[in-house]
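# A look at the structure
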Amino acid sequence: MDLTTILQQLVNGISLGSLYGLVAIGYTMVYGVIRLINFAHGDIMMVGMYFAVTGIVAMFLPWWAAFLLSMVATALLGVLVDRLAYKPLRNASRISALITAIGVSFFLENLFLVVFGGVPKAFPVPSVFGGVINVNGVIFPNIAIITPIIAIAFLLILLFILHKTKYGMAMRALSFDMETVRIMGVNVDMIISIVFAIGSFLAAVGGIFWAMRYPAINPLIGIMPGLKAFAAAVLGGIGSVMGAAVGGFVIGLSEILIVALFPPLAGYKDAFAFLFLIFVLLFKPTGIMGEDLERGRF
Amino acid sequence: MNKKTILTVLSVVLLFLFLWYGDGHLSTYAMRIWEEVGIFLMLAASYNLINGVTGQFSLEPNGFVAIGAYVTAILILTPAQKEAMFIITPMVPWLQNLHMSFFPALIIGGLVTAFVGFLLGFPVFRVRGDYLAIVTLGFGLTIRVVSNNTVPITNGALGLKGLPTYTTIWWCWGWAVFAMIVIMRMVNSEFGRAMKAVRDDEDAAIAMGINTFWIKMTAFITAAFFEGVGGGLLASLITIISPTMFTFFLTFELLIIIVVGGLGSMTGTALATIVVIWGSEILRVVEQPMDIFGLHIPGIPGMRMVVFSVLLILIMIFAREGIMGQKEFSWDSLFNFFKKNKVAQK
Amino acid sequence: MNIALKCDKITMKFGGLTAVNEFSAEIREHMIFGLIGPNGAGKTTAFNVITGNLKPTSGDVNFFGKSIVGLKPYKIVSMGMARTFQNIRLFSNLTVLENILTGFHHKLQYNIVDTVLRTPRYYKHEKEMRNTARELLKSVGLLDKADLKASGLPYGERREVEIARALATGPKLLLLDEPAAGMNPQETLNLMYFIQEVKESFNLTVFLIEHDMKFVMNLCETIAVLDHGVKIAEGNPEEIQKNPDVIRAYLGDIDA
């Protein structure tokens, strides 16, 4: 493999990894505040893609308006899912909430199958993201360069919110001890809603960029990236936002590099996330950022 | 034998009499559904052992059933059949020539699945947290990727066809009753108490000197064994298997069964299996085109799944206990029920 | 007198926070030893280290002459150490009798094959365990509650069942984490007699954590005081009551 290919694959891996990272943040934040694995998170990402397509194709919006609308609508969907399905189970056993989460996941998948059918739909990629860029003779797709920049920008904004705003501090406090925060007069339900909104918003961002990377979408498309993003969240230390981002990069890069180095394994690409998850549980169950979890989350 | 044991044996005999009668008199379609009910009863009881009794949320069934199905299928296909079927890549020779009758094939299918259960449970149960669900969910997806790619073993996307149809109503219900006996005996022993202890409070269970790791493993591996056998039975019932056949819908159906029946209740599971499997057949209506008051509604394929998932969410929010809660049906409670009614009538 | 439990400079750090700092104590056999201290002093953390739920950052725990650091908690239970929890943690969906039975788990004498085949061995030992459990319940005066669901009992009785369940594991040392927490004065008094009784009839060593000063002063022979993870005093109840450091730690607590 020559240097050009290595460079291309590296950028490709970082780009894929930043998508996993964006989705992983939603898993990790929801887990942080209500200790729930939100199985529907991957499907929320899928819904974000369909919202964007609908905006462009059916509502004839300019791409940026459609994307923005999709992100906001998906954020609202996340809040709605929490309010309708998860909130009534806040004090029930953990298994009830988990079963409901899988129910929501299956519901979204099948609702969209009924509405849009199982045949993959073309995602209209705006021309800004479609082309390639030539850096000193090495060619990269635009999207591979833009994705990580967008992802890092959103990560920085999120870290700012978490550490510098009142709501962010409430979120971090919530992950320690919900009861104390409640007693202190914070509207816990609202904070949880904001967490779902942020997570789902970022899932929509991840979904839209995923769809521009692989521009054919179907209602089951969220499952695999969702699983890999979860593996990323565990790898990073579930509950840690930085960890989720780092975990996403590690998983995305390894996936691309393993396939690049051992082409016969390409068919098993989707099995890697699973193996990663097993290895993390075996050797580093607290995750990369796990040490800090006793003191502070996010 | 005491009176209650006799009653239990009698009702099992009655069940088999019904099946025997049905075998001669009911339609092939109806008997096919009753065969499915038998297999699903075994699957659901196993699934409830890990989810309801031990309280470890898991999504393993479709992956484990797939393993059992593949192993059994490979073992019961004749070498000639396999040679004819593996047209892209020939099968690995030692599997090519392996051939045996149905019963040992089912047992091996179950044992291989149990071993996979061990391999999965080992990393997961060493750490606290709800990782079992996501790992088993991932496993179900991974087994599809693997069976698609290991062409010399599974024939890849082409799948395995023309399996001998050994599965009869007797195989299905024989295994179902056997699985129920084994699982209920397990639940009604110190092992079952330990499993429930882990479910109710894991820290306290550890403080009682319970090796919670092995208790979870015991439940999970037992469930895996019966799910493997169930996969074998299904394979020979359907006669065709392919990587895309055992989807998450199978797991979802079982999840609905154990939730409807009551997490932790085996008799509830039995009742719910009949209700859900037959209900699911009746629900096919929503996917057929229909005319209501002159209004034509075209069939909506996939609508059943939407209904199912809404149903599951609603049950979890409004009727978490299911039919039986964690209680079991017992003859005593039935007698008491009648006694009370009599008193009430007077 | 033998030493039942010896804590040798146990230190437990979480990240940058030191929850327990070089805690040492010797607990002689057949005594009731109390560990007190303001909220957040690290008492429960010390317990979790002793029971093996936490691995100490440094230091050693010696149980009847054997170091038990690094052993799995269930292993330590089978060596004869049992505990209760601050917020009573019964198996709420099991009956009182079944709760007690779980305590015999670590010395279970039938295996999974016996269970499935219902061998004579299964019936014999299952019957034995049930009889022993009933005897145990009888000796602590809870036999009439045997078949009730644990979650249905009143608070004071739930605590007694929890202690009885711990006794079922056959302990030499019983660790009680704030047994009187949440109890009214009458219940507290009953509990005090209860603990004294079981200590005598089961020939136990008792190590308890308590927030309620009066409870500890009346029950314990030796008391150690923990503040911010550091042991600031140890002695008999009179000595502890007069100790200026202890008074300061507690007054400071009230202040805050």
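Everything here concerns the structure above.
Described in the following lines is the structure provided in the data block. Everything numeric in this text was worked out from a predicted model, so none of it was measured. Throughout this document, residue positions are counted from 1 along each chain, in the order its sequence is written. Think of it this way: whatever chain is written first is A, whatever ligand is written first is 1, and the rest follow in order. Per-residue local features of the predicted model are confined to residues with pLDDT of at least 70, and side-chain atom pairs are confined, for both listing and counting, to 80 or more; whole-chain, interface and lining totals are unaffected and use all residues. Neither water nor hydrogens contribute to the side-chain values; these are computed over all heavy atoms in the structure.

## Description of the environment of Asn51(B)
Worth spelling out the cut-off: In this text, helices come from DSSP runs of H or I with a minimum length of four residues, and strands from runs of E with a minimum of two, each type numbered from the N-terminal end. In this analysis, two residues are considered to be in contact whenever any of their non-hydrogen atoms come within 4.5 Å of each other. Pairing of N or O atoms within 3.5 Å defines a polar contact, subject to two protein rules: one partner must be a possible hydrogen donor and the other a possible acceptor, and residues neighboring in sequence count only if both atoms are side-chain atoms.
In this fold, Asn51(B) is placed in helix α2 (residues 28–53). In this structure the C-alpha to C-alpha distance between Asn51(B) and Val259(B), which are 208 residues apart in sequence, comes to 9.7 Å. In contact with Asn51(B), other than residues within four places in its own chain, are Ile95(A), Gln56(B), Phe57(B), Ser58(B) and Ile258(B). In terms of polar contacts, Asn51(B) uses its side chain to reach the backbone amide nitrogen of Ser58(B), at 3.0 Å.

## Some details on the interface of chain A and chain B
Just so we agree on the cut-off: Once two parts are joined, some of their accessible surface, as seen by a 1.4 Å probe, is lost; buried area is that loss totalled over both. For this analysis, a salt bridge means a side-chain nitrogen from Lys or Arg found within 4 Å of a carboxyl oxygen belonging to Asp or Glu.
Tallying the contact residues gives 38 residues for chain A and 43 residues for chain B. Both faces combined, the contact of chain A with chain B buries some 3600 Å², and carbon together with sulfur accounts for 82% of it. A per-residue breakdown of the area chain A buries against chain B is headed by Ile99(A), Phe106(A) and Leu281(A), which together make up 18% of the total. Our enumeration of links across chain A and chain B arrives at 1 salt bridge. Measuring nitrogen to oxygen at the nearest pair gives 2.6 Å for the salt bridge that ties Asp130(B) to Arg94(A). One can count 3 residue pairs in polar contact (both at pLDDT 80 or more) joining chain A with chain B. Elements represented by at least two residues in the side of chain A that touches chain B include exactly α3 (63–86), α4 (94–116), α10 (223–236) and α12 (272–283) of chain A. Element by element, the count of residues in the side of chain A that touches chain B is highest for α4(A), at 14 residues.

## Observations concerning the packing of aromatic side chains
Residues and elements named next belong to chain B. Stated formally: Within 6.5 Å between ring centres, the rings of Phe, Tyr and Trp (the latter by its six-membered ring) count as paired, and their orientation is classed by plane angle as stacked under 30 degrees, edge-to-face over 60, tilted in between. Working definition: with a 1.4 Å probe on protein chains only, accessible area under 20% of the residue-type maximum means buried, over 50% means exposed, and in between means partly exposed.
For the structure on display, the rule yields 46 aromatic pairs over all chains. Between Phe64 and Phe220, the ring centres sit 5.6 Å apart and the planes meet at 50 degrees, which makes this aromatic pair tilted. Placement of Phe64 in helix α3 (residues 61–76) and of Phe220 in helix α12 (residues 212–238) is noted, with a sequence separation of 156 residues between them. In this structure Phe64 comes out as buried when scored by relative accessible area, which is 0%.

## As for the pattern of salt bridges
As enumerated under the stated definition, the model contains 26 salt bridges over all chains in all. Where Arg304(B) meets Glu287(B), a salt bridge forms, and the shortest distance between an N and an O atom there is 3.7 Å. Of the two residues, Arg304(B) is situated in helix α15 (residues 303–318) and Glu287(B) in the loop between α14 (266–282) and β1 (290–292); the sequence distance between them amounts to 17 residues. Here Lys145(C) ties to Asp144(C) by a salt bridge, and the two come within 3.5 Å at their closest N and O atoms. Note on Lys145(C): relative accessible area 18%, which makes it buried. Here the salt bridges do not stand alone but share partners, grouping Glu190(B), Arg193(B), Glu126(C) and Arg130(C) into one network.

## Remarks on the pairing of strand β2 (residues 17–28) of chain C
Residues and elements named next belong to chain C. Applicable threshold: Between any two strands, at least two bridges found by DSSP are needed for them to pair.
Pairing between strand β1 (residues 3–14) and β2: 8 bridges, direction antiparallel. Looking at β2, one finds that Ile10 is bridged to Phe23. Hairpin connection, β1 to β2: the antiparallel pair is bridged by 2 residues, and Gly15 has positive phi, about 55 degrees.

## Quick notes on the environment of Thr84(C)
Residues and elements named next belong to chain C. With respect to the helices and strands, the residue Thr84 is situated in the loop between β6 (81–83) and α3 (96–102). The exposure class assigned to Thr84 is buried, which follows from its relative accessible area of 0%. For the pair Thr84 and Asp177, spaced 93 residues apart in the sequence, the C-alpha separation amounts to 5.9 Å. What Thr84 contacts, discounting residues up to four positions off in sequence, is Arg159, Glu162, Ile163, Ala166, Leu175, Leu176 and Asp177. A distance of 3.5 Å separates a polar side-chain atom of Thr84 from the backbone nitrogen of Asp177.

## Focus on the sheet that holds strand β4 (residues 58–63) of chain C
Hydrogen bonding along the main chain pairs the strands of a sheet, whether they run parallel or antiparallel. All names here are of chain C. Applied cut-off: Fitted lines through C-alpha atoms give the axes, limited to the stretch in contact for helices. The angle between two N-to-C directions lies from 0 to 180 degrees.
One open sheet accounts for 4 strands, arranged β2-β1-β4-β5; its pairing is antiparallel. Pairing within the sheet leaves two strands with one partner each, and these edge strands are β2 and β5 (66–67). Note that β1 and β4 share 5 bridges and pair antiparallel. Of the residues in β4, the one forming a bridge with Cys7 is Val61. Sheet contacts for helix α1 (residues 43–50): β1, β2 and β4; angle to β1, the most-contacted strand, approximately 115 degrees.

Such coordinate-based values are descriptive only and should not be taken to indicate function.
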